[in-house]
Amino acid sequence: MTDARSPEQPGETLLTAVEPLSANPRSLRYRAIAIWLLGFAALAGAATWGYMRYRAPSSEPIAVPLHTVERSTVELTVTSGGTLALGGQQTLKSPQNEATVEQVLVEVRTLVEAGQPLLILRDRSNEREVRSQQVEIQKIQLDLNRNQEKVTEVEQRVAAAIEQYQESQELAAQGFISEDEVREDENDLDRVRSELKDAQLTVIKSELDLKTAAETLDLLEQQFNDRVITSPIEGVVLEVQVSAGEAIATDKSLLTLGDPTQEIVNLQLSTLDAAKVSLNQPARIRAIGPDAQDFDGRVVALAPQALSASNGGGSSQEGQARVTAQVKLDSASQALIPGSFVSVDIITEQQKDVLVVPPEAIQRDQGEPFVWIRNQRGNATQQPIELGLQGLDLVAVTEGLNVGDQIALVPPTMTVTPGMPLSDSPAFPIPEEFDQ
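Rules and cut-offs
- Residues numbered from 1 in each chain as written.
- Predicted model: local features only at pLDDT ≥ 70, side-chain atom pairs only at ≥ 80, totals over all residues.
- Heavy atoms only, no water.
- Phe/Tyr/Trp six-rings, centres within 6.5 Å; stacked < 30°, edge-to-face > 60°.
- Buried < 20%, exposed > 50% of the residue type's maximum accessible area, 1.4 Å probe, protein only.
- Helix = DSSP H or I, 4+ residues; strand = E, 2+ residues; numbered from the N terminus.
- Contact = heavy atoms within 4.5 Å.
- Core = buried A, V, L, I, M, F, W, Y, C linked by side-chain atoms within 4.5 Å.
- Pairing = 2+ DSSP bridges.
- Axes fitted to C-alpha atoms, helices over the stretch in contact; angles between N-to-C directions.

A. Geometry of the packing of aromatic side chains. Counting across every chain of the model gives one aromatic pair. Residues Phe370 and Trp372 carry aromatic rings whose centres are separated by 5.6 Å and whose planes lie at 90° to one another, so their mutual orientation is edge-to-face. Under the relative-accessibility criterion, Trp372 is labelled buried at 6%.

B. Up close: the environment of Ser340. Checked against the element boundaries, Ser340 lands in the loop between strand 13 (322–329) and strand 14 (341–357). Here Ser340 falls in the partly exposed class, since its relative accessible area comes to 22%. For the pair Ser340 and Ala287, spaced 53 residues apart in sequence, the C-alpha separation works out to 8.1 Å. Among residues more than four places away in sequence, those in contact with Ser340 are Gly82, Thr83 and Leu84.

C. How the structure looks around the nonpolar core. In terms of nonpolar packing, the biggest core is built from 20 residues, with Val154 and Val158 touching the most fellow members. Looking at this core, the elements with two or more residues in it are helix 4 (124–174) and helix 5 (179–225). Here Val154 is in contact with Val192, Glu195, Leu196 and Ala199, once residues within four sequence places are set aside. Counting residues in each nonpolar core, the second largest holds 19 residues, with Ala283, Ile285, Val323 and Leu329 among its members.

D. Highlighting the pairing of strand 19 (residues 395–399). The pairing of strand 14 with strand 19 spans two bridges and is classified as antiparallel. What sits directly across from Val356, in strand 19, is Ala396. As defined by bridge partners, strand 18 (residues 386–390) adjoins strand 19 across three bridges and the pair is classed as antiparallel. Paired with Glu386 across the two strands is Glu399, which belongs to strand 19. Linking strand 18 back to strand 19 in an antiparallel pair, the connection comprises four residues.

E. Local environment of the sheet that holds strand 4 (residues 98–104). The antiparallel open sheet is built from four strands, whose spatial order is 7-6-4-9. Strand pairing shows two members of the sheet lacking a second neighbour, strand 7 (228–230) and strand 9 (247–249), which therefore form its edges. When the angles between neighbouring strand axes are averaged without regard to direction, this sheet yields 40°. In this structure, strand 4 lies alongside strand 9, joined through three bridges in antiparallel fashion. In the strand pairing of strand 9, Glu98 is matched with Ala249.

Rendered as structure tokens:
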């Protein structure tokens with residue numbers, strides 16, 4: 001029996017070794033599920049990585065101009081141009097109808113004092129009239145003296161006639177003379193008194209003639225003295241328009257003076273600009289040209305009404321009415337040339353020491369302003385801001401930024417998204433205010 005079963009023993013041993021696999025099917029199922037889950041997770045991770053890589057921005061930084069936020073001044077200005085003149089600038093004219101320039105006592109750029117002679121005119125007809133009037137006054141004075149002597153003589157005769165008349169009255173009362181003699185003495189007294197009145201009237205007439213002649217002489221002498229043209233101000237000679245020996249007429253321009261310690265710009269403003277301007281507003285004045293220096297000044301005059309060229313308002317563009325204004329430099333520039341055309345910026349509104357950004361940095365999302373900030377990692381971050389005063393070159397920011405923040409000046413042709421790496425590239429020039 002034993003020998004007959006012995007060949008089957010090895011087979012039993014094999015079945016015993018394989019039996020555990022067929023005996024645990026649940027374990028195999030769990031193992032298959034785990035392998036499937038691991039494969040699905042790997043596939044999902046690869047898909048997610050590919051999608052993120054597809055949607056994520058390039059790791060290469062985008063080159064845009066960057067600006068560091070600082071504090072500065074924002075201004076609103078009215079810009080105009082005008083002619084520079086010196087304070088008290090005026091052109092002296094000839095006071096005589098016909099005269100000759102006898103002597104010019106000054107030259108261009110000569111400093112003069114008030115009352116200093118500038119030039120001398122000669123009018124020979126006026127000189128003759130002065131001498132003739134002086135002779136006439138002497139004649140009238142002689143007549144007056146003689147008439148006054150006559151008055152004295154007649155007054156003496158009146159006194160004698162009065163005394164004679166009084167004696168006649170006494171003698172008549174005593175019966176020594178007749179009443180006819182008394183009346184005759186009375187008539188003599190009346191006649192002498194009449195002569196006295198005539199003599200006194202002649203003196204009065206002579207006095208009036210003398211007074212009139214003296215006034216005429218004063219006028220002629222004033223005209224004669226007008227031949228010496230003196231300076232009405234302390235200043236400098238800007239232009240001499242006549243020369244010695246030149247014949248001139250009334251209102252002929254002789255020379256131009258001005259006070260070099262004062263410089264004024266005469267402006268012609270449009271009505272829209274004039275409505276923004278008021279007295280004492282600060283202004284900047286500069287010559288027309290490159291690298292021109294700025295000079296500070298203030299509005300010192302503003303006309304209350306606009307005038308067109310036909311109403312004496314000066315030149316106007318296309319017939320538009322203009323408002324005249326004056327800006328005075330705070331101190332003399334010693335560089336600007338009188339009569340030259342200069343540019344003037346009148347500061348109508350100003351905010352100092354505020355955070356500022358250039359206008360091109362401001363973006364809008366549904367009307368709300370924001371800027372792109374480069375964060376510490378070098379990536380773009382959208383930062384909402386609140387705006388203050390908005391000038392042409394700078395805009396004040398009241399909320400949302402700090403000093404030192406780096407903002408991107410994104411050109412209109414470029415699109416920036418949050419998280420995009422940014423690098424600095426001065427693709428277009430920064431306004432001078434930032435360099436300063």
